[in-house]
Amino acid sequence: MARKEKNIEIFEEEKMVDGNVVLELKTERDEIGTVKQDGNRFSVLLPNGETFKASSQKEAVNILIRDYHLHRVN
């Protein structure tokens, strides 16, 4: 039997941390991760401490959403 699809609302929140703009992605219950600009690239920080590099902010957000989708606990 197939599972019913669930829509999950994701919130973006921009904060200033040490003079840099940091984008936090959250759901109502979970923190998905953060994105901050690192020169011409973007650093992605997952809640488990893993970091990734991305060439654009859109790519960084996609990395966070993909990781959340693959590893979230239902």
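Residues numbered from 1 in each chain as written. Predicted model: local features only at pLDDT ≥ 70, side-chain atom pairs only at ≥ 80, totals over all residues. Heavy atoms only, no water.

### Comments concerning the nonpolar core
And then number 1: Counting 13 residues, the largest nonpolar core has Leu25, Val35, Val44, Ala60 and Leu64 as the members making the most contacts within it.
And then number 2: Of all the elements in the fold, those that place two or more residues in this core are strand E2 (20-26), strand E3 (31-38), strand E4 (41-45) and helix H1 (57-71).
And then number 3: At five residues, H1 tops the list of elements feeding residues into this core.
And then number 4: With near-sequence residues (within four places) excluded, Leu64 lies in contact with Leu25, Ile32, Gly33, Thr34, Val35, Val44, Leu45 and Leu46. (Core = buried A, V, L, I, M, F, W, Y, C linked by side-chain atoms within 4.5 Å. Buried < 20%, exposed > 50% of the residue type's maximum accessible area, 1.4 Å probe, protein only. Helix = DSSP H or I, 4+ residues; strand = E, 2+ residues; numbered from the N terminus. Contact = heavy atoms within 4.5 Å.)

### Things to note about the pairing of E2
And then number 1: One ladder, built from seven bridges, connects strand E1 (residues 11-17) with E2; its direction is antiparallel. Bridge pairing in E2 places Lys15 opposite Val22.
And then number 2: Between E1 and the antiparallel strand that follows it, E2, lie two residues; Asp18 among them carries a positive phi value of about 55°.
And then number 3: In this sheet, E3 lies alongside E2 in antiparallel orientation, the contact comprising five bridges. (Pairing = 2+ DSSP bridges.)

### A few points about H1
And then number 1: Between its first and last C-alpha atoms H1 spans 21 Å; for 15 residues at 1.5 Å apiece the expected length is 21 Å, and the two agree.
And then number 2: When we look at burial in H1, the residues that qualify are Ala60, Val61, Ile63, Leu64, Asp67 and Tyr68. Relative to the axis of H1, the buried residues are bounded by an arc of 155° and lie together on one face. The exposed residues of H1 that point more than 90 degrees off its buried face are Lys58, His69 and Leu70. (Expected span 1.5 Å × (residues − 1). Arc of directions from axis to C-beta.)

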